[in-house]
Number of protein chains: 2
Amino acid sequence: MDATTELRERAVSAADRLYYARGVQSVGMDELRSEVGVSLKKLYSLFPSKEAIVLAVLDRRHQVWTDGIEDTAAAVSTPREKLLAIYDFLFAWFSTDDFNGCGFINAFGELGATVPSVAEAAREQKLSFQAYVAELSRQAGAPDFLAPQLALLAEGAQTTAAISGSPESAHHARAAAVTLIDAALAPQH
Amino acid sequence: MDATTELRERAVSAADRLYYARGVQSVGMDELRSEVGVSLKKLYSLFPSKEAIVLAVLDRRHQVWTDGIEDTAAAVSTPREKLLAIYDFLFAWFSTDDFNGCGFINAFGELGATVPSVAEAAREQKLSFQAYVAELSRQAGAPDFLAPQLALLAEGAQTTAAISGSPESAHHARAAAVTLIDAALAPQH
DNA sequence: TACTCTAGAGAACGAACGTTCTCAGCGCAA
DNA sequence: TTGCGCTGAGAACGTTCGTTCTCTAGAGTA
């Protein structure tokens, strides 16, 4: 890999860790510079602005999230199990030491109103997740209304886990998902 | 009412509007000062710090939210209808012009990691809402697992409506709530 | 060796932040 | 009228931010 690409990767990784833990606006370029171990000029040769770093961080987070969901889904075979695997993935994530809520929701709350590109990145990630759930729902043979409901549970679990500090909301979401899926798949009365 | 109390009220109201629309950190004391129409010294005689204003704003929001939920619930009679009224309230709120997500989730995402009192205020509001849902669920004769599920739907609807910019998530949440409530109240096979 | 070019380190810049300080102006007792 | 105390307007302070600039040290070439 290109040395510049590798450095960029290290910078995004460090920025992600800092921004996610403390919020974007609480972390200055100087702190990021010293964390990465390069000069400010070097940092600005890798990215044109702080906003560009934030967007790169969100891109990376989108990728990591997608990979995590799909890896968990790969362990089971039916669409129904893959849908429920989402909440298992969430529980595992919520239980990590550095869990601090959904990075996109956090970034949207912090910058969505003032930095349109951040709001756009959050919107894209949520749409992408909704599309994933919709595809699995379709494969499971469920009616169209199910997918948005399952997505809502996942979103709610993320904010609830973040604010409460407990991972149990993932279990509540999973139990609700089972009920909703079974109801949607049940033969019409 | 005391003139000072009224001025404080006006200040909190203006701060709420500005902070909610653009985020706390994007609004400086000077802008708030000119919006309220008082001097900085006066503002600092009403509140000891910006943090105190933020907490006052969150307190007020908690009150407005609670009142709104209870007003909507007052229009119907059964606990089941009162539970569903939550989602009607949400839909009406999501449809307002200045809707910008849940102020507590936004504040938590922006300041939760660096200002403990803000994280605490968010936690309190969510716990208060969960207790409200739990009480109604109990009155409806539902098992304990129902309430957290219904709360998750409401939380998910708020973030989804904020990021997507559409109020429809309230309808998805309501439909899911109907399914969950009916399943929870159905006689055990 | 002498010259040129590049890139890195971090000082410096202007703006904006939250907070404090100064000082002018007014009400009021004597 | 004079002196006193208090309030309020907003200038000023120190800090921190994102970004840019300067200056130095070293590699490559003739």
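Named according to an unreviewed UniProt entry, chain A is TetR family transcriptional regulator originating from Glaciihabitans tibetensis.

In terms of helices and strands, chain A carries nine helices and zero strands. Helices and strands in chain A line up, N terminus first, as α-α-α-α-α-α-α-α-α. Summarising its shape, the C-alpha atoms of chain A cover approximately 65 × 35 × 30 Å along the three principal directions. The burial tally for chain A puts 41% of its 189 residues in the buried class. Contacts in chain A between residues at least 24 apart in sequence constitute 58% of all its contacts with a sequence separation of at least 6.

This paragraph deals with the environment of Glu168(A). Residue and element names in this part refer to chain A. Along the chain, Glu168 falls in the loop between α8 (146-164) and α9 (169-185). Judged by local crowding, Glu168 falls into the partly exposed class, with 15 C-beta atoms found within 10 Å. Between the C-alpha atom of Glu168 and that of Phe94, which follows or precedes it by 74 residues, the distance is 8.4 Å.

The subject of this paragraph is the relation of the copies chain A and chain B. Note on the copies: chain A fits chain B at an RMSD of 0.0 Å, the axial shift is 0.0 Å, and the rotation between them is 180°. Here the symmetry operator amounts to a two-fold rotation axis. Scanning chain A for the C-alpha nearest the rotation axis identifies Gly156(A), at a separation of 1.8 Å. A high fraction, 100%, of the interface residues of chain A reappear at the interface in chain B, so the copies pair face to face through one surface.

Okay, the UniProt feature "domain: HTH tetR-type" (unreviewed entry) in chain A next. Listed under "domain: HTH tetR-type" (unreviewed entry) in the UniProt record, and renumbered for this structure, are residues 5-65 of chain A. End-to-end, the C-alpha atoms of residues 5-65 of chain A are 21 Å apart, and along that stretch the chain is 80% helix and 0% strand.

Looking now at the protein's contact with DNA strand C. Ser39(A), Lys41(A), Gly28(B), Ser49(B) and Lys50(B) are the nearest of the 14 residues found near DNA strand C. At the level of secondary structure, the elements contributing two or more residues to the surface near DNA strand C comprise α3 (40-46) of chain A together with α2 (29-36) and α3 (40-46) of chain B. Here the element with the most residues in the surface near DNA strand C is α3(A); it accounts for four residues. For the surface near DNA strand C, the residue count by class is five nonpolar, four polar and five charged.

For the rest of this paragraph, the subject is the protein's contact with DNA strand D. Taken together, 13 residues sit near DNA strand D, with Gly28(A), Ser49(A), Lys50(A), Ser39(B) and Lys41(B) positioned nearest. Listed by contribution, the elements that provide at least two residues to the surface near DNA strand D are α2 (29-36) and α3 of chain A together with α3 of chain B. Counted by class, the surface near DNA strand D contains five nonpolar, three polar and five charged residues.

Take the interface of chain A and chain B next. Counting from both sides, the interface comprises 38 residues of chain A and, opposite them, 38 residues of chain B. Within the residue set of the side of chain A that touches chain B, elements represented by two or more residues are α1 (3-22), α6 (103-111), α7 (116-140), α8 and α9 of chain A. Among the elements that line the side of chain A that touches chain B, the one with the most residues is α8(A), at twelve residues. By residue class, the composition of the side of chain A that touches chain B is 17 nonpolar, 16 polar and five charged.

Along its 16 residues, helix α5 (residues 79-94) of chain B runs 23 Å from first to last C-alpha, staying within 8% of the 22 Å computed at 1.5 Å per residue. Listed in full, the buried residues belonging to α5(B) are Arg80(B), Lys82(B), Leu83(B), Leu84(B), Ala85(B), Ile86(B), Tyr87(B), Leu90(B) and Phe94(B).

Another point: the domain arrangement of chain A. All names here are of chain A. Splitting chain A by domain gives domain 1 (1-47) and domain 2 (58-185). Placing a centre on the C-alpha atoms of domain 1 and another on those of domain 2 gives a separation of 28 Å. The interface of domain 1 with domain 2 comprises seven residues on the first partner and eight residues on the second. Counted by class, the side of domain 1 that touches domain 2 contains four nonpolar, two polar and one charged residues.

On to α1(A), then. Residue and element names in this part refer to chain A. Between its terminal C-alpha atoms α1 stretches 29 Å, which fits the 28 Å expected from 20 residues at 1.5 Å a residue. Every buried residue of α1 is accounted for by Ala11, Val12, Ala14, Ala15, Tyr19 and Tyr20. In this structure, the buried residues of α1 make contact with α2, α3, α4 (50-74) and α6. Positive backbone phi, at 95°, marks Gly23, one or two positions downstream of α1.

One way to put it is that α8(A) packs onto helix α8 (residues 146-164) of chain B with a least axis distance of 7 Å and a crossing angle of 95°. When the axis of α8(A) is compared with that of α8(B), the two are roughly perpendicular. Contacts between α8(A) and α8(B) involve Leu152(A), Leu153(A), Glu155(A), Gly156(A), Ala157(A), Thr159(A) and Thr160(A) from the former and Leu152(B), Leu153(B), Glu155(B), Gly156(B), Ala157(B), Thr159(B) and Thr160(B) from the latter. Class assignment of the residues belonging to the contact of α8(A) with α8(B) gives a composition of six nonpolar, six polar and two charged.

Before going further, it helps to spend a moment on the packing of α7(A) against α8(A). Residues and elements named next belong to chain A. Close contact between α7 and α8 brings their axes to 8 Å; oriented N to C, the two are set at 130°. For the element pair α7 / α8, the angle class is oblique. Our pair here, α7 against α8, has a crossing hand that is right-handed. Residues Phe129, Gln130, Val133, Ala134 and Ser137 of α7 form the contact with α8, whose own contacting residues are Leu146, Ala147, Pro148, Leu150 and Ala151. Across the contact of α7 with α8, the residue classes tally to eight nonpolar, two polar and no charged.

Definitions and limits used
- Residues numbered from 1 in each chain as written.
- Chains lettered and ligands numbered in written order.
- Predicted model: local features only at pLDDT ≥ 70, side-chain atom pairs only at ≥ 80, totals over all residues.
- Helix = DSSP H or I, 4+ residues; strand = E, 2+ residues; numbered from the N terminus.
- Buried ≥ 20, exposed ≤ 12 C-beta atoms within 10 Å, placed from the backbone.
- Contact = placed C-beta atoms within 7 Å.
- Least-squares fit on C-alpha atoms with pLDDT ≥ 70 in both.
- UniProt positions renumbered as here; feature names shortened; annotations may be inferred.
- Near = placed C-beta within 6 Å.
- Nonpolar A, V, L, I, M, F, W, Y, C, P; charged D, E, K, R; others polar.
- Expected span 1.5 Å × (residues − 1).
- Domains from an automatic or database assignment.
- Axes fitted to C-alpha atoms, helices over the stretch in contact; angles between N-to-C directions.
- Parallel < 35°, antiparallel > 145°, perpendicular 65-115°, else oblique.
- Left-handed = near helix turned anticlockwise from the far one by under 90°.

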